[in-house]
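Reading the structure
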Amino acid sequence: MNVLILGSGGREHTFAWKLAQSPLLNKLYIAPGNAGTATLGKNIKIKPDDFTAVKSLCIDKEINMVVVGPEDPLVKGIHDFFLADVDLKNIPVIGPQKAAAELEGSKDFAKEFLFRHNIPTAAYKTFTSKNLEEGYRFLETLKAPYVLKADGLAAGKGVIICQTIEDAKEIEENSNQILDFTREVKNLPEQDKIKIVEALWSIIYSNKDADIYETNLMRRLAGLLYIDNKTMGDIKEKIKQNLE
């Protein structure tokens, strides 16, 4: 079999590692892949949500099965795209169709689904910038820690855990700006990511109320930007010295 894995993270590396062990495998392609998957198959530089490019690749490489790692192409309907295309409909796609992927694509949808079917889950309510005061009142009915989740996909960084209600209200108020930022920087070149982190640390160390953001935002951004702990530590120390 010729197999195509869509994605570029650790999840896709694990898929590639296991599939490469199969005696049924002929050729393994990963799009776009990463340094780890490059040792197991051939990386192809296309975006998983570029369905036209994925179709061309499947036809060109005579793909017999597609394994979808990231949530984004699933939520956008890549499985449905294959089923509706005369050239692709017989290629199995490992991953849910668009309607089922909504469970991952929307926290609000998933929570409503769980409540509707009496599946045990934590208490929740959904709020927007238009009814923040209602959100504050709901927080006051809960006990710490407070878990704030962004509806929709957020590159794995859409959850913030707060130990105090003051922190939770602060993060809730600024949630839109935080999520907009994380989505924008996700695909930047590495050198630009480091520059952004440096700038953010500068803001933190010049802000008397920085503890909230250091705890709840910067650690998330470190993972999002793929900056390792040592590099983050070096950046932090450099900025501290400059500000002293």
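Described below are features of the structure shown in this document.

Each value, and the rule that gives it
- Residues numbered from 1 in each chain as written.
- Predicted model: local features only at pLDDT ≥ 70, side-chain atom pairs only at ≥ 80, totals over all residues.
- Heavy atoms only, no water.
- Helix = DSSP H or I, 4+ residues; strand = E, 2+ residues; numbered from the N terminus.
- Contact = heavy atoms within 4.5 Å.
- Areas by Shrake-Rupley, 256 points an atom, 1.4 Å probe, with all protein chains shown as cover.
- Axes fitted to C-alpha atoms, helices over the stretch in contact; angles between N-to-C directions.
- Parallel < 35°, antiparallel > 145°, perpendicular 65-115°, else oblique.
- Nonpolar A, V, L, I, M, F, W, Y, C, P; charged D, E, K, R; others polar.
- Phe/Tyr/Trp six-rings, centres within 6.5 Å; stacked < 30°, edge-to-face > 60°.
- Buried < 20%, exposed > 50% of the residue type's maximum accessible area, 1.4 Å probe, protein only.
- Salt bridge = Lys/Arg side-chain N within 4 Å of Asp/Glu carboxyl O.
- Pairing = 2+ DSSP bridges.
- Right-handed = clockwise from strand over helix to strand, strands pointing away.
- Polar contact = N/O pair within 3.5 Å; in protein donor to acceptor, adjacent residues only side chain to side chain.

Let's shift gears to the overall build of the chain. When helices and strands are counted, the chain shows twelve helices and seven strands. A fraction of 57% describes how many contacts in the chain between residues 6 or more apart in sequence connect residues 24 or more apart. Put simply, the chain shows about 14500 Å² of open surface, and 53% of that area lies on carbon and sulfur atoms.

Our next topic: the packing of helix α5 (residues 98–105) against helix α6 (residues 107–116). At a minimum axis distance of 6 Å, the contact between α5 and α6 shows a crossing angle of 100°. One finds that α5 runs roughly perpendicular with respect to α6. Note on element contacts: α6 touches α5 through Lys 107, Phe 109, Ala 110 and Phe 113, opposite Glu 102, Leu 103 and Gly 105. Of the residues belonging to the contact of α5 with α6, the class tally is four nonpolar, one polar and two charged.

What follows is about the packing of aromatic side chains. Within this structure, the stated rule accounts for two aromatic pairs. With a centroid separation of 5.3 Å and 45° between ring planes, the pair formed by Phe 51 and Phe 81 is classed as tilted. Separated by 30 residues along the polypeptide, Phe 51 in helix α2 (residues 51–60) and Phe 81 in helix α4 (residues 78–84) bring together distant segments of the chain. For Phe 51, a relative accessible area of 15% translates into the label buried. For Phe 81, a relative accessible area of 26% corresponds to the partly exposed category. Here a set of aromatic residues connected by ring pairs shows up, and it is made of Phe 51, Phe 81 and Phe 82.

On to the environment of Ala 38, then. Relative to the assigned elements, Ala 38 resides in the loop between β2 (27–32) and β3 (42–43). Each C-alpha atom, one on Ala 38 and one on Leu 28, is 10.0 Å from the other, the two residues being ten residues apart in sequence.

Our next topic: the pattern of salt bridges. In the structure shown here, the tally under the stated rule is seven salt bridges. For Glu 112, the salt bridge is made with Arg 116, and the minimal N-O distance between the two is 2.2 Å. One end of the pair, Glu 112, and the other, Arg 116, are both in helix α6, four residues apart, so they sit about a helical turn from each other. Classification of Arg 116 by relative accessible area gives partly exposed; the value is 44%.

Turning to the sheet that holds strand β4 (residues 65–68), a few remarks are in order. Consider a sheet: its strands pair through backbone hydrogen bonds, and that pairing is either parallel or antiparallel. The strand order β3-β2-β1-β4-β5 describes an open sheet built from five strands, whose pairing is parallel. This sheet does not close on itself; its edge strands, each paired only once, are β3 and β5 (93–94). Inspection of the sheet shows β2 paired to β3 by two bridges, in the parallel sense. Bridging across to β3, Tyr 29 finds its partner in Lys 42. Contacts from helix α1 (residues 10–19) reach β1 (2–7), β2 and β4 within the one sheet, and its direction differs from that of β1 by about 165°. Where α2 meets the sheet, its contacts fall on β1, β2 and β4, and the angle it forms with β1 comes to roughly 160°.

Looking now at the pairing of β2. Here six bridges tie β1 to β2, and the two strands are oriented parallel to one another. From the neighbouring strand, Asn 2 faces β2, where its bridge partner is Lys 27. In this region the chain leaves β1, passes through α1 and returns to the parallel neighbour β2; the handedness of that crossover is right-handed.

This paragraph deals with the side chain of Asn 2. Following the sequence through the fold, Asn 2 ends up in strand β1. One polar contact links Asn 2 to Asn 26, side chain to side chain, over a distance of 3.0 Å. Not counting the four nearest positions on each side in its chain, Asn 2 is found in contact with Asn 26, Lys 27, Lys 61, Glu 62, Ile 63, Asn 64 and Met 65.

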